[in-house]
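Results of the structural survey
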Amino acid sequence: MQNIKNRKYATIGLFCISIAAFFILIARLGWVMLYGEVSDEDLTKNIQNLYTNSQNIQANRGSILDKDGNPIAVDATSYKMVAILTDKWSNPKKPIHIQKPVEVAEVLAKYLPISEDDIYTRLTQDASQVEFGTVGSQLSYHTVSQIKKELEEKELSGITFEESKTRLYPNGVFASHVIGLAQYPDPEEKKESDRLEGITGIEASLDDVLAGVNGYYQFEKDSQGYIIPDEPVKMKEPIDGKNVYSTYDRQLQIHLEKTLDEIDLKNHPENMVVTLMEAKTGNIVAGAQRPTFNAETRENIDESWQNLFVEAAYEPGSTFKLLTTAASVEEGSFSPDRYFQSGAIETEGGVIRDFNEVGWGMISHLEGLSKSSNVLFVTLVEEMGLDVWKKYLDGFGFGQLTGVKLPSEYEGSNPYESSLQKVNTAFGQGIAVTPIQMMQAFSAIANDGKMVRPRFVTKIVDPKTKEETILEPEYVQTPISAETAKLTRQYAKQATEMEGSLTHNYMRENESILAKTGTAEIADSETGKYLGNQYVFSVVTMFPAEDPQYILYITVRNPKLDEGDLFGGTVVENIARAMMDYLAEYQNANHEEGTEDQQYAATPNLLSKTVDEALDKIGENHPHALIGSGQTIVQQYPLPDTPLFDHQRILLMTEGAMTMPDVKGWSRNDILKISEITGIPFTFEGEGYAQSQSLEPGSFMEQDSAITIKLSPNYP
């Protein structure tokens, strides 16, 4: 009886639970029907996604150009070839996989530097799809169009092409840290929605200007993935990025890069920074550093991420005395004909000595400037007062950001605490600065007291509307008067011209110039004590001295002295002379020609032409090299319609087996272009120009070839 009663209660319970579950289900279905959501997922949106195809339309990234409009960083479209081997993704009515590998291999071999047998082997692998490495990457639109056309004519399926934007830096090593780099967030796994992003330099600081805005188009599709006819297509046009005009003069920059390459090979300094700036505008017309990297090939990029112009601080040494002179002239403590006792001076923090320990006896202030007397400059700042001197340090912008449009700028350091550290700043020790801060401070002397912010960009141009945004020079402070600036230049010029002056060698025939050199001791980063045998050598020059048009500032850290180099300052002098000589010739040439524009030519399209036709089109102005045993050009460098500069080397690849060109006398950068176009790595021994190669000219190159190039600083 009890069991029957229990069963009755259980049946009633189950019935109630079923009724409750039914109403809960009805409520849940009602919720889904009303709101279209399950577990926070929008079912309506999921259905739309299932039957709606949306494709991204990438905006073109703006170009970075030199002052004359020649490209430094430009966008290009490239294609990667992929073969679909599996039939799992094919529609029976419209197959997309490889069905006739022999015929497909025959077509591809006409346009790629790879044999039919090699292609056939890849097309018959046990895989879903296969790529073709370097030979199937970075393909031009012309090559892709020809392959597609022939495959369609022969009704061959299975080959597809993935399009992507790439960033080209046609000049290779060209102010690489300042111009910067742009790349995809994950270069190894690019998504359709990804865009090129600036990660360093101007590419990063003006990324929002350069990037543009991607567009898209949407269309309805059926369950088989085909477009439904007569359904509306939604489309949003992309907005291309704007072009950025930099301050760089291409000819001056190329000459500077070449000069630093030569010094680097000869003297192997730890680092070098050279800046040539227009005194009135703050335009950096040339600037380079070592170590550096090739923005196109990325060679050495892991060794030199730091932008030394704005990120690295150092003690400037005696070039700083030019600023001390200006402050002393303003305060009245510097008088060219006034005498002082050189050699040593006792201060609250200790004894300060001249670099030769004994000085030159009683000499004038002007002589003290010419001989770079530490005693003179300590005397000057003590006379004006250390608190007053600190105001000038602040007025010249030290210990503060300049606000130049580059990432990761460092403000330097000026603790100004101990008495010894305070007086040491008078001759450029005990204070840490960046090259860009020094350029800004020097501009006050060159520009009649008005301190101009250094800059790397002059205007921004919309490529579609041609609307220009002009960026005017910015005058940030006036730490000294115009009269003081003129007197400082006059005294510095007179000091340069004096017999026995440390800067006398910088004088130039028929040209007025002022110069101030420096040799700064390097302190141990842990103990703070000076190492005693490590130095930063430097010079600042302004010319013409009466009304400077240019400021040239050079720093070289710990160079190794070669035969003919008397001391580290000789290395700095060699760089300065190379730049000033070239600048004079360059200005004269432009004056005679009546123009300063340096334009480039577009690289001709040599694809599909015979070797003879291509060579005729190149002419005699450009060295060239053939890679391949065939007679038809299938790849070229530079790419069609990209910049081609005077005497730039052109690489031509034919169909068939790849052959090694004769690279004797080539630069490392030119040889790396072969590696880039073939995918075959090279090993280098030494630095400079190619003297010999392990693979003889004309020999076949394979993907696993081990090729060694021996380099030497001397051109063979």
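Residues numbered from 1 in each chain as written. Predicted model: local features only at pLDDT ≥ 70, side-chain atom pairs only at ≥ 80, totals over all residues. Heavy atoms only, no water.

1. A look at empty space enclosed by the protein
For the structure shown, the criterion picks out five cavities of 30 Å³ or more. Of the volumes computed, that of the largest cavity is approximately 80 Å³. Around the largest cavity, the lining residues are Q58, A59, R61, D75, K165, Y184, R195, L196, A211 and N214. Considering only residue class, the lining of the largest cavity consists of four nonpolar, two polar and four charged. (1 Å grid on protein atoms, 1.4 Å probe; cavity = no way out; pocket = protein on both sides within 12 Å on 5 of 7 lines; lining within 4 Å. Points joined across faces, edges and corners; volume = space filled by probe spheres on them. Nonpolar A, V, L, I, M, F, W, Y, C, P; charged D, E, K, R; others polar.)

2. Notes on the nonpolar core
I202, F396 and F398 are the most contacted members of the largest nonpolar core, which has 86 residues in total. The greatest single-element share of this core, amounting to eight residues, is contributed by helix α15 (residues 435–446). In contact with F396, not counting residues within four places along its chain, are L323, A326, Q440, A441, A444, M451, P479 and I480. (Core = buried A, V, L, I, M, F, W, Y, C linked by side-chain atoms within 4.5 Å. Buried < 20%, exposed > 50% of the residue type's maximum accessible area, 1.4 Å probe, protein only. Helix = DSSP H or I, 4+ residues; strand = E, 2+ residues; numbered from the N terminus. Contact = heavy atoms within 4.5 Å.)

3. Quick notes on unusual backbone geometry
Note that the residue after R290, namely P291, is joined by a cis bond; omega there is 10 degrees. Backbone torsion omega between Y637 and P638 reads 0 degrees, so that peptide bond is classified as cis. Mapping P638 onto the fold places it in the loop between β28 (633–637) and β29 (643–644). A positive phi angle, close to 45 degrees, is found at A175, a residue other than glycine. Note on A175: relative accessible area 5%, which makes it buried. The backbone of R298 sits at a positive phi, close to 65 degrees, despite the residue not being glycine. Checked against the element boundaries, R298 lands in the loop between β14 (284–290) and α10 (321–331). Given the relative accessible area of 29%, R298 is considered partly exposed.

4. Some points on the sheet that holds strand β33 (residues 707–712)
Spatially, the three strands line up as an open sheet ordered β31-β33-β32, and their pairing is mixed. If you trace the sheet from one side to the other, it starts and ends with β31 (682–685) and β32 (689–693), each paired once. Averaged over neighbouring strand pairs, the angle between their axes works out to 35 degrees when direction is ignored. Against the sheet, helix α19 (residues 668–678) makes contact with β31, β32 and β33, and its axis sits at roughly 165 degrees relative to β31, the strand it touches most. (Pairing = 2+ DSSP bridges. Axes fitted to C-alpha atoms, helices over the stretch in contact; angles between N-to-C directions.)

5. As for the pattern of salt bridges
Scanning all chains against the criterion turns up 28 salt bridges. With its nearest N and O atoms 3.3 Å apart, the salt bridge here joins D68 to K67. Overall, D68 belongs to the buried group, its relative accessible area being 12%. Among the charged side chains, a network of salt bridges with common partners joins R61, D75, R167, R195, E203 and D207. (Salt bridge = Lys/Arg side-chain N within 4 Å of Asp/Glu carboxyl O.)

6. Let's talk about the pairing of strand β27 (residues 624–627)
Burial along β27 is one-sided: the face carrying A625 and I627 is buried and the face carrying H624 and L626 is not. Relative to strand β30 (residues 650–654), β27 runs parallel, the two sharing four bridges. When the bridges of β30 are listed, A625 appears paired with L651.

7. Side note on the pairing of β30
Sheet faces and side chains relate simply in a regular strand, where the side chains alternate between the two faces. For β30, a buried count of five out of five residues is recorded, marking the element as mostly surrounded by other parts of the structure. Residues I650, L652 and T654 line one face of β30 and the alternating positions L651 and M653 line the opposite face, and both faces are buried. Across four bridges, β28 lies against β30 in antiparallel orientation. Along β30, the bridge assignment pairs Q636 with L652.

8. Considering the packing of α10 against helix α16 (residues 482–497)
How two helices pack is summed up by the angle between their axes together with the distance between the axes. Two numbers describe how α10 lies on α16: the axes approach to 9 Å, and their chain directions differ by 130 degrees. The orientation of α10 relative to α16 falls into the category oblique. The two elements α10 and α16 cross, and the hand of that crossing is right-handed. Contact residues: L322, T325, A326, V329 and E330 in α10; T484, L487, T488, Y491 and A492 in α16. (Parallel < 35°, antiparallel > 145°, perpendicular 65-115°, else oblique. Left-handed = near helix turned anticlockwise from the far one by under 90°.)

9. Some remarks on α15
Along an α-helix, a turn takes 3.6 residues, which lines up residues three or four apart on a common side. With 12 residues, α15 should reach 16 Å at 1.5 Å per residue; the first-to-last C-alpha distance of 16 Å fits that figure. Here α15 lies mainly inside the structure; 12 of its 12 residues are buried. Looking at α15, one finds that the buried residues are P435, I436, Q437, M438, M439, Q440, A441, F442, S443, A444, I445 and A446. Of the residues trailing α15, D448 is marked for its positive phi of about 55 degrees. (Expected span 1.5 Å × (residues − 1).)

10. Concerning the environment of D194
Residue placement: D194 occurs in the loop between β8 (182–183) and β9 (197–198). On the accessibility criterion, D194 (13% relative accessible area) is buried. Separated by 11 residues in the primary sequence, D194 and Q183 have C-alpha atoms spaced 9.9 Å apart.

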